[in-house]
Amino acid sequence: MEAVGHLLHRIWLFFFLFWLGQGRRMAPPGFVESSCRSRIFWMKLNKLLLQGKFFQLEIYDPYSGPVLLDEQLASRCGYVLSEDVWGNPVFRASVLGCHVANEADELFSLTVNIKVSSFSSMRAAVTYTYPMYCSYASWASREIVCEENYMEVSVKTDVPAVSNDYTVAWMSALPETQNVAYQQWQLMFVSPSGRKRITVSDAVKLGYSFNNSLSRVYLRAPYHSNESDVSVVSGVTMNMITSTSMYRQRWLLLLIDTTVSCPVDGISFTNTTLTWTVPRVIPTLVVQESTFLSKSIVMGVDDQVIVNPEEMNYLLEYNETHIRITIPTGAEGGKLESSISGGVYGVTYCIDLFLEHTWTDADWQTTKYTVIKSITTPFMPQMPTVINNTAPEERLFNVALGHFLPDVSLVAITVGNVPFSLREAQHHGFKIYETPFSNGTKAFILEVSFDDPYVLREYVNRNETKYTLLVNYTLSVGLEMMLYYHSAEVECVIADIVPEAVGSCDEENLYLTLPTFGLHQYWDLYLGNKLLNRHLALTNGYLAATNSTHLILQIPLFAGGLIYEEVSFQKIKARFDVALRKVRTMETLQMFSISCSFNSSAFIICNPDGTIMVSAQMKTVPAIDMSKTKLRDSSCKPKEYNEAHAFFKFHVTTCGTSVRFEGDHIIYENEISYEKETLPRQSIPTITRDPDYRLTVLCYYQAKETLVLGAFSRDPATSPPFGSGMMFPRSNTAAYRRVRQALNVVSRVSKDESFMEFYGPSTAILKQPMESVFLEVELKDESPSVELYLENCWVASSPDFNSNPRWNITVDGQVVLTVQLTQQSPNFYLYLLFFLSNRCEINGSEFAAEFCPVPVSPRVRHPPHFKRLAVRTLAQQLEQVYVHCLVAACSPTNAQPGSTCRGQCISSRERKGFPGHPSDSLQGYVLAGPVWIVAPDRR
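Residues numbered from 1 in each chain as written. Predicted model: local features only at pLDDT ≥ 70, side-chain atom pairs only at ≥ 80, totals over all residues. Heavy atoms only, no water.

Student: Explain the overall build of the protein here, please?
Tutor: Counting secondary structure elements, the protein contains eight helices and 69 strands. Counting all 939 residues of the protein, 48% fall into the buried class. Across the protein, every contact between residues at least 6 apart in sequence was considered, and the portion connecting residues at least 24 apart equals 63%. When the accessible surface of the protein is split by element, carbon and sulfur atoms take 52% of a total near 46,100 Å². (Helix = DSSP H or I, 4+ residues; strand = E, 2+ residues; numbered from the N terminus. Buried < 20%, exposed > 50% of the residue type's maximum accessible area, 1.4 Å probe, protein only. Contact = heavy atoms within 4.5 Å. Areas by Shrake-Rupley, 256 points an atom, 1.4 Å probe, with all protein chains shown as cover.)

Right, here's the structure in full:
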């Protein structure tokens with residue numbers, strides 16, 4: 001009959017589960033995993049299928065339907081809902097749980113509803129029904145489970161009589177049994193506060209769960225209840241409940257010991273390991289300790305028994321008093337997690353362990369003691385390491401930042417002071433990637449070229465450069481994606497590779513070939529003190545070509561910037577010098593010089609000292625005698641000549657050379673002509689057989705450039721640019737004269753500040769030291785709307801425009817204050833100052849000067865056409881000085897912002913930035929003097 005009853009029960013369970021599945025969704029593949037281990041249901045949900053969703057668990061009761069799982073229900077009914085170390089939800093349930101279907105204490109089933117919703121309110125939830133089954137027949141006489149949130153003890157109901165050694169406790173319970181209700185289970189708790197007897201229903205209200213099955217009685221209790229006690233066993237803190245379950249029938253009184261004790265600590269840590277210690281013998285559970293015998297000690301991780309712990313570097317050891325499990329930090333089966341604490345990066349290690357200890361003693365025969373423990377280490381700081389793998393030979397920073405766990409990601413970097421997202425960094429040219437290590441960690445690799453503009457460069461020695469990479473990493477750490485910042489500074493000093501240049505020449509050009517590597521990044525070419533850039537090259541007439549490796553610079557023979565070492569009738573020896581300088585320090589690393597000799601039949605060279613050299617070619621029919629050619633001054637004859645050429649060398653201040661101004665240029669002009677031979681003047685007209693020969697010579701100089709002596713200076717760094725020249729026959733001069741002529745201006749020196757009487761052209765002007773010279777400049781034949789300005793004025797000891805030394809008194813229309821300059825003679829010096837008031841007078845011993853006001857008078861109809869200047873001079877000996885002025889005129893009504901027309905102090909540099917210059921202004925030049933500075937007794 002008993003076998004028939006078992007069969008009917010199984011049939012009923014089958015039909016119940018079949019009905020339960022009707023109308024329910026089955027969990028998708030891979031969503032749920034389950035097992036049965038040590039009479040515990042284990043169920044794990046895949047977190048990947050729950051991303052961005054909310055879930056709840058319901059326990060399906062065969063009689064009352066689904067019950068929502070909460071904390072109180074879990075601890076009372078033997079359920080645990082937590083997460084494994086990988087973040088997957090884990091549900092565990094005792095086979096003696098509240099809603100478990102039990103078949104003869106051998107077959108157990110539990111159905112769980114998994115509700116999944118996209119909303120926290122769980123509306124529109126999808127319910128997945130998941131049944132679990134567990135077969136467990138090998139019950140021990142007593143089984144104790146120490147779970148995370150409850151303690152459970154179950155015993156067989158056919159346990160032998162109570163041991164005589166524990167008679168006192170049992171005898172103290174006997175008086176209470178007189179009040180045990182008939183056919184009703186009651187519980188008696190013994191604690192330091194006394195004894196308490198309660199019914200099962202009252203125990204449920206206190207969080208306990210008590211029940212009996214076909215062959216067992218079990219009690220489930222929360223930790224730290226009012227009826228519990230705390231004791232220390234072998235150094236481990238234990239939570240203990242001493243209880244007796246009582247049942248009375250007509251002729252039977254059943255007393256069952258349901259005492260349970262579980263460890264609540266016993267965890268210790270070092271820098272490299274964690275240790276879990278459990279007492280081997282627990283006195284409250286082993287009464288007759290002399291009969292205690294351990295049968296097996298087994299450890300496990302998650303729901304898996306570890307048969308050979310040493311293979312996973314685990315250590316399971318025990319002695320007479322303790323069982324100890326030691327796990328290396330980071331060992332397999334657990335998980336390292338990154339975290340941030342106080343701005344410091346570190347890790348924690350967590351692992352889910354369980355321990356099964358089976359022993360026997362004289363009272364209980366066999367006890368199976370199971371403890372489940374989830375252990376997490378404290379925060380362990382881990383300072384990231386910067387590994388410098390920079391390759392100087394490749395000019396490449398290679399920096400590794402590690403070691404990090406897989407849950408750390410790089411989100412941004414800052415190089416120098418410039419932030420970059422990873423995409424921006426890759427687009428800029430940085431290379432960023434991860435590299436794994438054998439221990440499961442990784443590092444972030446950053447590669448940056450030395451030539452990147454955000455790399456700092458410092459020239460530490462003549463030919464050494466220090467490159468510094470400053471980088472700040474921004475990392476996302478852990479599941480919480482906390483931001484962590486780490487900075488690194490990497491330096492590398494390498495020797496500079498100075499490029500070598502190669503020079504060559506052909507019949508008309510000089511060539512410079514130079515490697516392009518590093519050009520404009522680390523060094524530049526300089527012509528004198530000017531950067532040899534594209535603009536200067538085009539201005540001087542150079543041709544530049546580049547390929548993937550080299551720059552080729554072609555310099556024509558008569559291009560600007562050449563130094564003519566030797567110029568004669570037979571040849572021209574020219575040299576081209578450039579300096580290789582560091583970009584940042586301007587330090588000259590190397591000089592490149594090309595020198596070649598050329599044969600040229602016709603040329604004009606305008607030297608920076610004002611010397612003009614011309615080789616004129618005879619192109620007349622019939623031919624002329626080139627020895628009889630001359631310049632405007634007939635005394636200026638050729639230095640060398642032959643039948644077809646004549647070579648002239650003269651200065652711009654001699655041989656009848658004239659000067660005029662066009663825009664920003666000073667133009668010197670002379671003419672080569674031929675003296676015709678005529679018959680004696682016995683009759684008119686004159687008879688000659690010689691052809692007409694006239695050749696105009698022009699030299700252009702920048703007005704702002706100073707012409708200096710020493711055209712053949714051997715120091716190329718101080719050689720200024722040359723002027724440019726041209727020659728053309730007289731018959732073609734009309735095309736060159738279609739240019740704006742110079743201003744019609746005159747200058748005169750007044751006898752006093754009234755500007756009423758002036759010195760005549762042949763009158764000597766004598767001034768004592770500290771006495772003012774009053775200069776007036778007048779613009780003639782111009783519209784009343786035009787205004788005159790003194791741009792650049794200077795004092796020199798010669799009337800020559802290019803004479804040296806010179807002392808500036810106005811520069812770009814601005815006065816020069818308190819300037820003391822010395823000439824070659826140490827006893828000679830000149831003070832030039834300008835007035836700071838509206839009157840032309842000198843106050844006390846102050847050295848000052850200023851532009852004097854120009855009022856309307858019968859002589860002055862248009863004051864803007866006049867400028868008056870007072871200059872005070874001081875000399876220690878008899879000297880003569882001249883005042884030179886470059887002047888400009890423009891219309892104030894049409895002046896652009898920043899032009900000279902806005903005021904006397906606006907510089908010509910500002911005017912050049914506007915399209916109206918120079919077409920909206922004219923320029924001219926005036927000279928006043930000589931003024932003799934004499935001692936008072938010689939006037």
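Next comes the rest of the account.
Student: Sorry if this is basic, but what is going on with the state of the cysteines here?
Tutor: Covalent bonding between the sulfur atoms of two cysteines defines a disulfide. Applying the stated rule across the entire model yields seven disulfides. Across the disulfide, Cys146 is cross-linked to Cys262 (sulfur-sulfur distance 1.9 Å). A torsion of -85° about the S-S bond marks the disulfide between Cys146 and Cys262 as left-handed. Separated by 116 residues along the polypeptide, Cys146 in strand β11 (residues 142-146) and Cys262 in strand β20 (residues 260-263) bring together distant segments of the chain. Taken as a pair, Cys146 and Cys262 share a single burial class, namely buried. Across the disulfide from Cys606 sits Cys699; the S-S distance is 1.9 Å. Note on the Cys606 and Cys699 pair: the S-S dihedral is about -80°, so by sign convention the disulfide is left-handed. Remark: Cys699 occurs in strand β56 (residues 694-702) and Cys606 occurs in strand β49 (residues 603-606); sequence separation between them is 93 residues. (Disulfide = S-S within 2.5 Å.)

Student: Sorry if this is basic, but what is going on with the sheet that holds strand β2 (residues 32-37) here?
Tutor: Picture the strands of a sheet paired through backbone hydrogen bonds; they go either parallel or antiparallel. Spatial ordering of the open sheet is given by β2-β3-β7-β6, a layout of four strands whose pairing is antiparallel. Looking at the sheet topology across the chains shown, the edges are occupied by β2 and β6 (79-83). Across the sheet, the axes of successive neighbouring strands diverge by a mean angle of 15°, strand direction being ignored. (Pairing = 2+ DSSP bridges. Axes fitted to C-alpha atoms, helices over the stretch in contact; angles between N-to-C directions.)

Student: How should the pattern of salt bridges be read in this particular structure?
Tutor: Opposite charge on two side chains lets them pair, provided their charged atoms get close. Here the structure, examined in full by the defined rule, presents 28 salt bridges. The shortest N-O distance in the salt bridge between Arg39 and Glu152 comes to 2.7 Å. In this pair, Arg39 is assigned in the loop between β2 and β3 (40-45) and Glu152 in strand β12 (residues 151-156), connecting sequence segments 113 residues apart. Like Arg39, the residue Glu152 is buried in the burial classification. Residues Arg748 and Glu778 are paired through a salt bridge, measuring 2.9 Å at the closest nitrogen-oxygen approach. Here Arg748 is found in strand β58 (residues 745-750), whereas its partner Glu778 is found in strand β60 (residues 772-779), with 30 residues between them in sequence. With a relative accessible area of 13%, Glu778 lands in the buried category. (Salt bridge = Lys/Arg side-chain N within 4 Å of Asp/Glu carboxyl O.)

Student: Where do I start with the environment of Asp257 in this structure?
Tutor: If you trace the backbone, Asp257 turns up in strand β19 (residues 253-257). Asp257 gets classed as buried once you look at its relative accessible area, which sits at 12%. Taking the C-alpha atoms as reference points, Asp257 and Thr242, separated by 15 residues in sequence, lie 8.2 Å from one another. Among the polar contacts made by the side chain of Asp257, one reaches the side chain of Thr259 at a distance of 2.7 Å. (Polar contact = N/O pair within 3.5 Å; in protein donor to acceptor, adjacent residues only side chain to side chain.)

Student: Any chance you could explain the pairing of strand β61 (residues 787-796) here in plain terms?
Tutor: In regular strands, side chains alternate between the two faces of the sheet. A large share of β61 lies buried, amounting to nine of its ten residues. With nine bridges joining them, β61 and strand β68 (residues 879-890) adopt antiparallel strand pairing. Pairing of Trp794 across the sheet is with His884, part of β68. Here β61 pairs with strand β62 (residues 806-811) via four bridges, running antiparallel. Considered in β62, the bridge of Cys793 is made with Thr810.

Student: Quick question: what am I supposed to make of the environment of Val567 here?
Tutor: One can find Val567 in strand β46 (residues 563-567). Exposure remark for Val567: the relative accessible area of 15% places this residue in the buried category. Along the sequence, Val567 and Val614 sit 47 residues apart, while their C-alpha atoms lie 9.8 Å from each other. Beyond its immediate stretch of four places on either side in the chain, Val567 contacts Ile572, Phe603, Ile605, Met613 and Phe647.

Student: Is there a simple way to think about the side chain of Asp363 in this case?
Tutor: Along the chain, the position of Asp363 falls in the loop between β28 (344-361) and β29 (365-376). For the buried Asp363, no salt bridge exists, and the shortest N-O distance to an oppositely charged side chain is 7.8 Å, to Arg142. Among the polar contacts listed, one links the side chain of Asp363 to the side chain of Gln288, at a separation of 2.8 Å. (Lys, Arg positive; Asp, Glu negative; His and termini not counted.)

Student: Explain a nonpolar patch on the surface to me, please; I cannot follow it from the model alone.
Tutor: Side chains of Val411, Leu483 and Tyr485 sit close together on the surface and give an oily, nonpolar patch of about 290 Å² of accessible area. In this structure, Leu483 sits in strand β39 (residues 482-495). Taking relative accessible area as the criterion, Leu483 reaches 47% and is therefore assigned partly exposed. (Patch = residues over 30% accessible without salt bridge, like charges linked within 9 Å, V, L, I, M, F, W, Y side chains within 5 Å.)

Student: How should I be thinking about unusual backbone geometry in this particular structure?
Tutor: Among all residues save glycine, negative phi is the norm, and among peptide bonds the norm is trans. Note that the residue after Gly402, namely His403, is joined by a cis bond; omega there is -5°. Relative to the assigned elements, His403 resides in strand β32 (residues 396-404). The omega torsion across Gly929 and Pro930 is 5°, close enough to zero to call that bond cis. Residue placement: Pro930 occurs in strand β69 (residues 921-933).

Student: How should I be thinking about the side chain of Ser750 in this particular structure?
Tutor: By secondary structure assignment, the location of Ser750 is in strand β58. Assessed through its relative accessible area of 0%, Ser750 is described here as buried. A polar side-chain atom of Ser750 sits 2.6 Å from the main-chain carbonyl oxygen of Asp752. Of the polar contacts made by the side chain of Ser750, one reaches the backbone nitrogen of Phe755; its length is 3.4 Å. Not counting chain neighbours up to four residues away, the residues in contact with Ser750 comprise Phe755, Met756, Glu757, Phe758, Tyr759 and Phe774.

Student: Looking at this model, I keep getting lost on the environment of Ser135. Mind explaining?
Tutor: Residue position: Ser135 is located in strand β10 (residues 126-135). Here Ser135 falls in the exposed class, since its relative accessible area comes to 55%. Setting aside residues up to four positions removed in sequence, Ser135 forms contacts with Cys36, Glu106 and Leu107.

Student: Is there a simple way to think about the sheet that holds strand β52 (residues 640-641) in this case?
Tutor: One open sheet holds the four strands; their spatial order is β49-β50-β53-β52, and the pairing between them is antiparallel. The outermost strands of the open sheet, each flanked by one partner alone, are β49 and β52. Pairing between β49 and strand β50 (residues 611-617): four bridges, direction antiparallel. In the strand pairing of β50, Phe603 is matched with Ser615.

Student: Hey, could you run me through the nonpolar core in this one?
Tutor: A general trend in soluble globular proteins is that nonpolar side chains are found buried together. In terms of nonpolar packing, the biggest core is built from 120 residues, with Ile327, Tyr369, Ile413 and Tyr473 touching the most fellow members. At seven residues, the largest contribution of residues to this core is made by β28. Residues Phe41, Leu57, Tyr136 and Tyr218 belong to the second largest nonpolar core, which totals 30 residues. (Core = buried A, V, L, I, M, F, W, Y, C linked by side-chain atoms within 4.5 Å.)

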